[in-house]
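# Coordinates in review
This is what each chain is made of:
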Amino acid sequence: MKVTAIYCFAQKEVVEIPRISGDEFKTGDMVVFSDKESKEEAGRIVGVERDSVEENKVLAEGSVLRKMVPRDIQIMETNLARGTDVLGPAQEKVLTHGLDMQLFDASYSFDGSRINFIFTADDRVDFLELVKDLAKIFQKQIHLKQIGPRDKAKIVSGVGRCGRKLCCSSFLNKLESITMDMVRYQDLMSKGSSKLSGACGKLLCCLKYEVEEYKRLRASLPPFASFVKTKEYDGRVIGV
């Protein structure tokens, strides 16, 4: 399915909407769109007429309403700033309910009818009563979303050990699985876990960037401990 991918500023994630007809929208455009709950949200187009990354996440009922005008941008910036005001009281309610969760981001939807809260937790959290309390306090629809440490790093951002902005918060639209097999293929086991971990505490995303090339090169090299013959001498492979 061809989709238009939009980074939603309030929800801090990329959403996908069935392809927009015509050429009036392009990558980089700031737009107002309608989500599956018919709520208006603001976002930036990050991909036009591309294949869906995850078909089950396409907002079949969503649509792009218009390009943002200066008035829209002002509303968006005001709503994002209002999120700071509600975060503190919400965190106090988390403590009141004794929930083991870290609420770290809050933002209003573009139309102001919903507050999106994002949190991390080691386990699943029953936050039903918390939602009821927050709805009473703020008189808005409340949406809580639990994410993992890698997704949190993408939202919070920061600088990696390479000295550049974190890949996840600069250009990676999708966080892919990083495994220890990728470390082994590149002979990086001796580096130690601290040097192989990113700001999120998980394996570095960049461990995947070159692994396929390592696999290709290794396919043409003799395996460790095998015997080889060259024009000048015979020998045994003691390192690759």
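Here, the structure is the one placed above.
Here is a short report on the structure shown in this document.

## A look at helix H1 (residues 70-96)
Here H1 spans 41 Å end to end across 27 residues, near enough to the 39 Å set by a 1.5 Å rise per residue. Considering bend angle alone, the principal kink of H1 is centred on Val86 and spans about 30°; proline Pro89 follows within four residues of it. For H1, the complete set of buried residues consists of Asp72, Met76, Asn79, Gly83, Val86, Leu87, Ala90 and Val94. Lining the buried residues of H1 we find strand E3 (30-34), strand E4 (40-51), strand E5 (63-67), strand E6 (102-108), strand E7 (114-120) and helix H2 (128-138). Taken from the residues just after H1, Gly98 is the one with a positive phi, measuring 65°.

## Looking at the layout of surface pockets
In this structure, the largest pocket encloses a volume near 920 Å³. Surrounding the largest pocket, 31 residues form its lining, Glu13, Val14, Val15, Lys57 and Lys145 being those nearest its centre. Its residues placed into classes, the lining of the largest pocket shows 10 nonpolar, seven polar and 14 charged. Approximately 490 Å³ is the volume attributed to the second largest pocket. Lining the second largest pocket are 26 residues; nearest its centre among them are Arg161, Gly198, Leu204, Cys205 and Cys206.

## Some points on the pairing of strand E1 (residues 2-8)
Among the seven residues in E1, six count as buried, and that is most of the element. Bridge analysis of E1 against E4 gives six bridges, and the strand direction is antiparallel. Residue pairing in the sheet places Cys8 in a bridge with Gly43 of E4. Two elements, E1 and strand E2 (residues 13-18), share six bridges in a ladder whose sense is antiparallel. By the bridge assignment for E2, Ile6 is matched with Val15. Linking E1 back to E2 in an antiparallel pair, the connection comprises four residues, with Lys12 at a positive phi of about 55°.

## Focus: the sheet that holds E4
Taken in spatial order, the five strands line up as E2-E1-E4-E3-E5 in an open sheet, and their pairing is antiparallel. The strands lining the two open edges of the sheet, one partner per strand, are E2 and E5. Taken over all neighbouring pairs, the strand axes of this sheet differ in orientation by 45° on average, direction set aside. Relative to E5, E3 runs antiparallel, the two sharing four bridges. Counted as the bridge partner of Val32 is Arg66 from E5.

Calculation criteria
- Residues numbered from 1 in each chain as written.
- Predicted model: local features only at pLDDT ≥ 70, side-chain atom pairs only at ≥ 80, totals over all residues.
- Heavy atoms only, no water.
- Helix = DSSP H or I, 4+ residues; strand = E, 2+ residues; numbered from the N terminus.
- Expected span 1.5 Å × (residues − 1).
- Bend = angle between axes of the 7 residues up to and from the residue.
- Buried < 20%, exposed > 50% of the residue type's maximum accessible area, 1.4 Å probe, protein only.
- Contact = heavy atoms within 4.5 Å.
- 1 Å grid on protein atoms, 1.4 Å probe; cavity = no way out; pocket = protein on both sides within 12 Å on 5 of 7 lines; lining within 4 Å.
- Points joined across faces, edges and corners; volume = space filled by probe spheres on them.
- Nonpolar A, V, L, I, M, F, W, Y, C, P; charged D, E, K, R; others polar.
- Pairing = 2+ DSSP bridges.
- Axes fitted to C-alpha atoms, helices over the stretch in contact; angles between N-to-C directions.

Remember that the coordinates give geometry; whether it matters functionally is a separate question.
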